[in-house]
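# A closer look at the structure
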Amino acid sequence: MNKYIEEIKTAINPLRDQIIHHKVYRVITDMTDINIFMKYHVFAVWDFMSLLKSLQNNLTCTTIPWFPTGSADTRFLINEIVVGEESDIDQNGIRKSHFELYLDAMKQSNADTTCIHKFLDLVKNQTYFEQAFIAANVPHAAQQFVKNTFQIIQSNQPHIQAATFTFGREDLIPGMFHAIINDIDKVQPDKIAVFKYYLERHIEVDGDHHSHLALEMTEQLCQQDEKKWSDAIEASKASLQSRIYLWDGVYDEIMARKNQV
């Protein structure tokens, strides 16, 4: 394996362990807890798509007139990932992005989608993020997560974006969480079947095929440049730290609810 890849994995491993063993998973016991989790996590699903498209914009030509841009290899890698993320299939074989599939899961479970929909409507109408966060009452931890992602996007540096995409946004939901979902599915499949499908599809597509493509893309963009690999480590660590803070926010809200009961 590429020595730089090994260095990144070693550097980020303590943060990955914190996420995989985060205390939030131990307090999720029912559909209400799942719905709180989804209310936060949907922002990570959405800004993941924005990070993906920023890479496509930087590594391919997305304007007219068209000109060959960058390496054909990186064009292939990013376009292959975009196809899967932007136009995958749901449990009924209907084409949907992973974000739209996640919204379907929230709808089925009766999770609150008001926040994410209002935020996106405001941003679509060119409202500044800070104003949209406040108006849509976006949880603070979700705000911070989105801000970190868009700092990476706005850096306009493909190697940093690719490293964040590859090492900071890979599937980090542990088996414990999947076991919880499976247990709830046995009792309330009418509430959680779509979310279960989303998680299974995420592992199948993102955790396998896309992770290999993303790894290769990062290697091609960084090459043997020590500075770029150093940037990649720092960006990946910042993204993982942001995920820890997001999970902290979910945990705090779940515990606040349980303590009121």
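Residues numbered from 1 in each chain as written. Predicted model: local features only at pLDDT ≥ 70, side-chain atom pairs only at ≥ 80, totals over all residues. Heavy atoms only, no water.

## Concerning the side chain of Thr149
To keep it simple, the criterion reads: Secondary structure follows DSSP: runs of H or I at least 4 residues long count as helices, runs of E at least 2 residues long count as strands, and numbering of each begins at the N terminus. Throughout, a residue-residue contact means that at least one pair of heavy atoms, one from each residue, lies within 4.5 Å.
Looking at the element boundaries, Thr149 is found in helix H8 (residues 140-155). Those residues in contact with Thr149, other than ones at most four positions away along the chain, are Asp47, Leu51 and Arg169.

## Section: the pattern of salt bridges
Stated formally: Just to be clear on terms, a salt bridge is a Lys or Arg side-chain nitrogen sitting within 4 Å of an Asp or Glu carboxyl oxygen. Only protein chains enter the calculation, and the probe is 1.4 Å; a residue is then buried if its accessible area is under 20% of its type maximum, exposed if over 50%, and partly exposed in between.
On inspection of all chains with the given rule, the structure shows 13 salt bridges. Of the charged contacts in the structure, one is a salt bridge between Lys39 and Glu253, with a shortest N-O distance of 2.6 Å. Placement of the pair is Lys39 in helix H3 (residues 31-59) and Glu253 in helix H12 (residues 226-260), with a sequence separation of 214 residues. Residue Lys39 is classed as buried on the basis of its relative accessible area, which comes to 18%. Residues Lys96 and Asp90 are paired through a salt bridge, measuring 3.4 Å at the closest nitrogen-oxygen approach. The class of Lys96 is partly exposed, set by a relative accessible area of 22%. Salt bridges linked by common partners bring Asp30, Asp33, Arg257 and Lys258 together as one network.

Everything listed is a geometric property; what it means functionally is a separate question.
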